[in-house]
Protein chains: 2
Amino acid sequence: MSVPVAGPVLVVGSGLLGASIGLALRRAGVDVQLQDADPTVLAAAVERGAGTVRENGMPEPRLVVVAVPPDAAGPVMADACRFADATITDVTSVKALPLATALAHGGDARRLVGGHPLAGREISGPAAARLDLFDDRAWVVCPTEQSDPQRVQDVIDLVVTCGGVPLRMDPDDHDRAVALTSHTPQILSSLIAARLLDADPEAVTVSGQALKDMTRVAQSDPALWQAILRANAASVADVLAAIASDLDAVVTDLRGGVGVATHDVLSRGVAGRQRVPGKHGTAADAYDVVTVQVADRPGELASLFVAAGDLDVNLEDVRIDHVLGKPSGLIELSVRPEVSGRLASGLRERGFDVRA
Amino acid sequence: MSVPVAGPVLVVGSGLLGASIGLALRRAGVDVQLQDADPTVLAAAVERGAGTVRENGMPEPRLVVVAVPPDAAGPVMADACRFADATITDVTSVKALPLATALAHGGDARRLVGGHPLAGREISGPAAARLDLFDDRAWVVCPTEQSDPQRVQDVIDLVVTCGGVPLRMDPDDHDRAVALTSHTPQILSSLIAARLLDADPEAVTVSGQALKDMTRVAQSDPALWQAILRANAASVADVLAAIASDLDAVVTDLRGGVGVATHDVLSRGVAGRQRVPGKHGTAADAYDVVTVQVADRPGELASLFVAAGDLDVNLEDVRIDHVLGKPSGLIELSVRPEVSGRLASGLRERGFDVRA
């Protein structure tokens, strides 16, 4: 069983994640001490209510949360081991390299247990912090064989106190997982988006939802991503090299007549997509889609959702597929297959323009 | 000015697109003749009301719409030139190769004007046809220097009669455009999804919206896509080769320390993403996002959208970001920046859990 994590907790690094952890811990009544190399950032986090500035003479922390960028996390974790009783964790999105760096800097392997909350925002800094940033979010906890079990439990208590859902995983397994599921998609999104720079402006008008979906994460901050990729370079390079090999085969195949290799990649893609998790752990494609055309006016979506509610149909997902240059939109409602017929006929009875 | 297209119109190929064109033309009162190599498909299209089966002795068509797969379109277009007065168009998603094939088979260059409606469904066949499939959708019309201007106007009339928005483009420009905006994203989506086949099942649980978005189109039918890619192989191979070159540079850079090449791709990706068109021709990222946590019950979304309507705020886009293993969801509402503050405060006043 988890209990509220024992304080005081020292949060080193008071940006978005550090300040949000402070807010979440204080929500649970835990004493939070804050530190940041940048006095302006530190003051903003205090102003937000994330904790109080750590000063000499304060009680020693029972837990230190290192919330600095990935390339700085290792030495900061090692330094935090000066608090002889403290458990040390971090929140960077890569796990093996920061730990190895911390150990190389004299960190205590028994007390170092890394973590990675799967939560974030497109904006950064303490002003963007939210006390509920981690609520119901997965937060990977990465013990090693050297980890003291009680220290692992301390980090799990931190996660639960912050509202998160702990997932235990080996650091190397974690890094290979995010290389595949997060870092590789980031690079491929950037690779596609980069091609658009060379394109005729008219060409880009001939595009649909696929291009929009595939380039969304290409908006992310290059400096932050460079640091993330540097810290997980080997695992990301392994996945990208495998993709490069498939890609080369497709290019050769396209130049030579489109035979086995292209079809093979397309077919493996269909099978691989089945493994992407959907809502509540269901497969991503377990829903039927009911498409409705609505006018682009305030209240139009509302009347649609009111009708769905009246029909006692729960909407599992919603996509708005805008049409070209016209003030109207196609709404795709994802629902469980057993209710899609009822939803479609019920909406039609209410006068909605449901697509066949 | 466009007028309803002059009939009779012969639609060759009575699948999803052909039958939908038949339905749209008959909505406008145009006489439609149908043909299909498969008698079952043809009967289903007639049953749907898409037109009547073409028989000898019927009036000759003024316009022939070739709606067969890309690898069959060229010879069918050439054959349609036997109707000496008819304008000939097609609806395949590649344009140069079918035209060249038609000319090689003795087609009449003055009367051949290709087209590509940017509309489709995940399911195929005449049973899936809809009379409003093309409403407000872009439909690229690809004349050449040999095209008779009146024949081009006939195809534009067809597009407008079907409810579409004609966009004129050179066939080669069109094919380079879709290679970049549609065919390349398809391949890259398949390449990422294919990697998931090798992954530990646990690894795939550590994933978020990026993986879901980036693998969505990998679900598409491999056989259809192989035909599309075969018909546009050179243009797709050019884009993919450029991506392969960037990708190789990133892999080398990651193996060697993450320097200039990775940052360059990430930065060019940010700039390229700015060129993806959004709704109504606006840039894709011109909206503010207001995030609201709602319970996962029928009617919950409805009350949120009713409130937005009451506040007279138009929702430009909606994304449901499901949280891990819990019956609740984060709803991201995209709105014009000038109304986002009013929406957030208004929703809070109404008791909604708006994220800071």
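Residues numbered from 1 in each chain as written. Chains lettered and ligands numbered in written order. Predicted model: local features only at pLDDT ≥ 70, side-chain atom pairs only at ≥ 80, totals over all residues.

## With respect to the overall build of chain A
Looking only at helices and strands, one finds 13 helices and 12 strands in chain A. If one aligns the C-alpha atoms of chain A with their principal axes, the spans along those axes are about 70 × 55 × 40 Å. Per-residue burial over chain A gives 53% buried out of 356 residues. (Helix = DSSP H or I, 4+ residues; strand = E, 2+ residues; numbered from the N terminus. Buried ≥ 20, exposed ≤ 12 C-beta atoms within 10 Å, placed from the backbone.)

## Some points on the relation of the copies chain B and chain A
Between chain B and chain A, which share one sequence, the superposing operator has a rotation angle of 180° and an axial displacement of 0.1 Å; the RMSD is 0.1 Å. Look at the turn and shift together and you get a two-fold axis relating the two. Both copies present the same face, since 100% of the interface residues in chain B are matched by interface residues at the equivalent positions in chain A. (Least-squares fit on C-alpha atoms with pLDDT ≥ 70 in both. Contact = placed C-beta atoms within 7 Å.)

## Side note on the packing of helix α10 (residues 233-256) of chain A against helix α10 (residues 233-256) of chain B
Two measures define how a pair of helices packs: the angle their axes make with one another and the distance between the axes. The contact between α10(A) and α10(B) brings their axes to 9 Å, and the two run at 155°. In terms of their interaxial angle, α10(A) and α10(B) are classed as roughly antiparallel. The element α10(A) and its partner α10(B) pack so that their crossing is left-handed. Contacts from A:A233, A:V236, A:A237, A:L240, A:A241, A:A244, A:L247, A:D248, A:V250, A:V251, A:L254 and A:R255 in α10(A) reach B:A233, B:V236, B:A237, B:L240, B:A241, B:A244, B:L247, B:D248, B:V250, B:V251, B:L254 and B:R255 in α10(B). Among the residues forming the contact of α10(A) with α10(B), the class breakdown is 20 nonpolar, no polar and four charged. (Axes fitted to C-alpha atoms, helices over the stretch in contact; angles between N-to-C directions. Parallel < 35°, antiparallel > 145°, perpendicular 65-115°, else oblique. Left-handed = near helix turned anticlockwise from the far one by under 90°. Nonpolar A, V, L, I, M, F, W, Y, C, P; charged D, E, K, R; others polar.)

## Looking at the sheet that holds strand β6 (residues 114-117) of chain A
All names here are of chain A. Taking strand neighbours across the sheet as the criterion, the three strands line up as β6-β7-β8 in an open arrangement whose pairing is mixed. Looking along the sheet, the strands with just one partner apiece sit at the ends: β6 and β8 (165-168). Going from strand to strand, the sheet's axes swing by 25° on average, the running direction of each strand aside. Summarising the sheet, strand β7 (residues 138-142) and β8 pair through four bridges and their orientation is parallel. What sits directly across from W139, in β8, is P166. Running at roughly 170° to β7, helix α5 (residues 149-161) makes contact with β6, β7 and β8 of the sheet. (Pairing = 2+ DSSP bridges.)

## Considering the pairing of strand β6 (residues 114-117) of chain B
Residue and element names in this part refer to chain B. The side-chain alternation of β6 yields two buried faces, one formed by G114 and H116 and the other by G115 and P117. By the bridge criterion, four bridges tie β6 to strand β7 (residues 138-142) in an arrangement that is antiparallel. Along β7, the bridge assignment pairs H116 with V140.

## Considering the interface of chain B and chain A
The partner chain A presents 116 residues to the 115 residues of chain B that form the contact. Top contributing element to the side of chain B that touches chain A by residue count: helix α6 (residues 171-195) of chain B, with 20 residues. Along the lines of polarity and charge, the residues of the side of chain B that touches chain A split into 63 nonpolar, 26 polar and 26 charged.

## Details of the environment of A:L42
Residue and element names in this part refer to chain A. Residue position: L42 is located in helix α2 (residues 39-47). Judged by C-beta crowding, with 22 C-beta atoms within 10 Å, L42 ranks as buried. For the pair formed by L42 and S267, sequence separation is 225 residues and the distance between their alpha carbons is 51 Å. Not counting residues up to four positions away in its chain, the partners in contact with L42 are S14, L34, D36 and V53.

## Re the packing of helix α12 (residues 300-310) of chain A against helix α12 (residues 300-310) of chain B
Direction vectors running N to C along α12(A) and α12(B) enclose 155°, while the axes themselves pass 8 Å from each other. With respect to their mutual orientation, α12(A) and α12(B) come out roughly antiparallel. Along this stretch, α12(A) crosses α12(B), giving a crossing that reads as left-handed. Between α12(A) and α12(B), the residues in contact are A:L301, A:A302, A:F305, A:V306, A:A308 and A:G309 and B:L301, B:A302, B:F305, B:V306, B:A308 and B:G309, respectively.

## What to know about the environment of A:V292
Residues and elements named next belong to chain A. When you line up the elements, V292 lands in strand β9 (residues 288-295). According to the C-beta neighbour criterion, V292 is buried, with 22 such atoms within 10 Å. Sequence separation between V292 and L347 is 55 residues, and the spatial gap between their C-alpha atoms is 8.7 Å. Other than its neighbours up to four places away in sequence, V292 contacts L304, I331, L333, L347, F352, D353 and V354.

## Thoughts on α12(B)
Residue and element names in this part refer to chain B. Within the sequence span of α12, burial applies to L301, A302, L304, F305, A308 and G309. Down the axis of α12, the buried side of the element spans an arc of 165°, and every buried residue falls inside it. Immediately downstream of α12, the backbone of D312 shows phi near 60°, a positive value. (Arc of directions from axis to C-beta.)

## Section: unusual backbone geometry
Residue and element names in this part refer to chain A. Between G7 and the following residue, P8, the backbone shows a cis peptide bond with an omega angle of -5°. Turning to its location among the elements, P8 is positioned in the segment before β1 (9-12). The backbone of D136 sits at a positive phi, close to 65°, despite the residue not being glycine.

## Details of the sheet that holds β6(B)
Residue and element names in this part refer to chain B. Spatial strand order, β6-β7-β8: three strands in an open sheet with mixed pairing. The open sheet is flanked by β6 and β8 (165-168), the only strands paired with a single partner. Pairwise comparison of adjacent strand axes, ignoring direction, gives a mean angle of 25° for this sheet.

## Focus on the nonpolar core
One finds A:V65, A:V66, B:V65 and B:V66 to be the most contacted residues of the largest nonpolar core, which totals 184 residues. With 11 residues, helix α6 (residues 171-196) of chain A is the largest single contributor of residues to this core. Not counting chain neighbours up to four residues away, the residues in contact with B:V65 comprise B:V9, B:V11, B:I21, B:T89, B:V91 and B:L158. If you look at the next biggest cluster of nonpolar residues, it comprises 38 residues, including A:V292, A:A308, A:L333 and B:V339. (Core = buried A, V, L, I, M, F, W, Y, C linked by C-beta atoms within 7 Å.)

## Some remarks on the confidence of the model for chain A
For chain A, the average pLDDT comes to 88, and 92% of its residues sit at 70 or higher. Predicted confidence is poor over residues 323-327 of chain A, with pLDDT under 50, and the contacts of this stretch with residues over four places away or in other chains come to 14 contacts. (pLDDT = per-residue confidence, 0-100.)

## A look at the pairing of strand β2 (residues 32-35) of chain A
Residue and element names in this part refer to chain A. Side chains V32 and L34 project from β2 onto one buried face, and the interleaved Q33 and Q35 project onto a second face that is buried too. Summarising the sheet, β1 and β2 pair through four bridges and their orientation is parallel. Counterpart to V11 in the pairing with β2 is L34. Once you follow β1 into helix α1 (residues 16-27) and on to β2, the crossover reads as right-handed. Sheet topology places β2 next to strand β3 (residues 52-53); two bridges connect them, and they run parallel. Note on β3: the bridge partner recorded for Q33 is T52. (Right-handed = clockwise from strand over helix to strand, strands pointing away.)

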